[in-house]
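# Working through the structure, step by step
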Amino acid sequence: MTPNQLSLRPVAPEDWPRISGLFSDLTYEQSLTYAQAAADRIGASAEFVALYDAQDIPIAAACLRIKKIPVLNRGIAWIAAGPLTCVAGQPEPSAEMLGAILSKLRDHARAAGHILRLRFPVQVNPAEDAVAQAGFASTDKAATYRTVLINPDQDEEDLMRALHGKWRNPLRNALKADLGLETGSILDLSDRFTHLYEQVRDAKGFQPDIPPEFYYALSGPDFDHDVLIARKDGEDIGAMTIGCSGSTATYLFGATSDAGRRLNAGHYLMWQAMLYCRERGIKCFDLGGIDPEANPSVTRFKLRTGGADAIAAGPYEARPAGPGAALVNFAETLHKKLKS
């Protein structure tokens, strides 16, 4: 398979949910709903493309968030959790096919003078040789992503059996504490989640790069954002939000009050999230990232769920020839210094 045997075509935004829905490695980062909002947030544009084989069958797709440098009219094209290459019900593409897909995307970005950066979906294990031969190299210009993946598509007993003993015991205590569970959309429960979240944020003094409020207004055909709330004696003591696209769900935000921590509400909510994903037919539950150095306690909590420790391939970068790429890099570096 060569790039010349593939055709790359633009996809209209209204058609993107249908095209991206063909792929089992779709996550919320490649959804229409999230991608357009994420691009708008940084003054970028969202471009949707699909790649077709000689039989006119879609074999890959990607949303590129393109941030141009003023005056230069070129910049950085970023593919988060993509390209999508795993057609549902089909095996992962061969190294040859993957190389052709990446080369086609590289040429597409290069024709506009853009640097192309990408980080693969965490469920995908691309052949490193194929990535390198397509002209991509590792880069530190974008963040790596390490997380824990749970397969909810199994019996409840198997999910329980996979838990580490030091995780299972607090869960059992929480289940005995007769906690209540309420679920609903973020549109309906955002006020209650915000109340809990702000309590924890103010107490611990952290601030995420993208706050929960950014997600509240997101509503579309390919992104569901739900909230699970743990209650005791009529009081909200913990909450968790989950974003779903395709067959993948991702833990986004969580908050537990002092009373909730004493009752192991965090364990209770994570367990209920596994069952929630199982009931919805979710095939992959991404626990939202871990950082063993910066946050060892959260890392330990997530690893003890019995999920798989996974690192997304990348980020990688392919640069166009000529001085344009150097100018883009200089402008990017200057912008970050001024911002900091």
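Quick caveat: nothing in here was measured; it's all calculated off a predicted structure. (Residues numbered from 1 in each chain as written. Predicted model: local features only at pLDDT ≥ 70, side-chain atom pairs only at ≥ 80, totals over all residues. Heavy atoms only, no water.)

### Things to note about the packing of aromatic side chains
One pass over the structure, following the stated rule, counts 11 aromatic pairs. Ring centres 5.4 Å apart and planes at 45° place the aromatic pair Trp167 and Phe301 in the tilted group. Separated by 134 residues along the polypeptide, Trp167 in helix H6 (residues 165–176) and Phe301 in helix H11 (residues 296–303) bring together distant segments of the chain. On the basis of relative accessible area, Trp167 is assigned to the buried category, the value being 1%. Residue classification places Phe301 among the partly exposed positions, given a relative accessible area of 21%. Between the aromatic rings of Phe214 and Tyr215, the centroid separation amounts to 5.4 Å while the plane-to-plane angle is 85°, which identifies the pairing as edge-to-face. Each member of the pair Phe214 and Tyr215 is classed as buried. Each member of the aromatic cluster is reached from another via a ring pair, and the members are Tyr28, Tyr34, Phe193, Tyr197, Phe214, Tyr215, Phe223 and Phe253. Sitting over the face of the ring of Tyr52, Arg9 holds its NZ or CZ atom 4.0 Å from the ring centroid. (Phe/Tyr/Trp six-rings, centres within 6.5 Å; stacked < 30°, edge-to-face > 60°. Helix = DSSP H or I, 4+ residues; strand = E, 2+ residues; numbered from the N terminus. Buried < 20%, exposed > 50% of the residue type's maximum accessible area, 1.4 Å probe, protein only. Lys NZ or Arg CZ within 6 Å of the ring centre and 35° of its normal.)

### What to know about the environment of Gly21
Relative to the assigned elements, Gly21 resides in the loop between helix H1 (16–20) and helix H2 (32–41). As for Gly21 and Ala88, which are separated by 67 residues in sequence, their C-alpha atoms are 8.6 Å apart. Setting aside its immediate chain neighbours within four residues, Gly21 contacts Trp16 and Leu26. (Contact = heavy atoms within 4.5 Å.)

### A word on the sheet that holds strand S3 (residues 58–69)
In space, the seven strands of this open sheet follow the order S1-S2-S3-S4-S5-S14-S6, with mixed pairing throughout. Looking along the sheet, the strands with just one partner apiece sit at the ends: strand S1 (7–10) and strand S6 (137–138). Inspection of the sheet shows S3 paired to strand S4 (residues 74–80) by five bridges, in the antiparallel sense. Bridging across to S4, Lys67 finds its partner in Ile76. (Pairing = 2+ DSSP bridges.)

### Comments concerning the side chain of Glu29
In this structure, Glu29 sits in the loop between H1 and H2. Judged by its relative accessible area of 16%, Glu29 falls in the buried class. Within the local environment of Glu29, its side chain forms a polar contact with the side chain of Arg119, the two groups lying 3.1 Å apart. Ignoring anything within four residues of it in the chain, the contact list for Glu29 reads Tyr34, Ala35, Arg65, Ala80, Ala81 and Arg119. (Polar contact = N/O pair within 3.5 Å; in protein donor to acceptor, adjacent residues only side chain to side chain.)

### Re the nonpolar core
Counting residues in each nonpolar core, the largest one holds 32 residues, and the members touching the most others are Ile242, Met270, Trp271, Met274 and Phe285. Residue assignment for this core shows that the elements contributing at least two residues are strand S7 (146–150), helix H5 (156–162), H6, strand S9 (224–232), strand S10 (235–245), strand S11 (248–256) and helix H10 (265–280). The biggest single contributor to this core is H10, with 10 residues. Counting 29 residues, the second-largest nonpolar core is a separate cluster that includes Val49, Ala60, Leu98 and Leu118. (Core = buried A, V, L, I, M, F, W, Y, C linked by side-chain atoms within 4.5 Å.)

### Some remarks on the packing of H6 against H10
At a closest axis distance of 8 Å, the pairing of H6 and H10 adopts a crossing angle of 95°. Viewed along their axes, H6 and H10 adopt a mutual orientation that is roughly perpendicular. When H6 is examined against H10, the residues Trp167, Pro170, Leu171, Ala174 and Leu175 are found in contact with a partner set consisting of His267, Tyr268, Met270, Trp271, Gln272 and Met274. In terms of residue class, the contact of H6 with H10 is built from nine nonpolar, two polar and no charged. (Axes fitted to C-alpha atoms, helices over the stretch in contact; angles between N-to-C directions. Parallel < 35°, antiparallel > 145°, perpendicular 65-115°, else oblique. Nonpolar A, V, L, I, M, F, W, Y, C, P; charged D, E, K, R; others polar.)

Function cannot be inferred from these measures alone, as they are strictly geometric.
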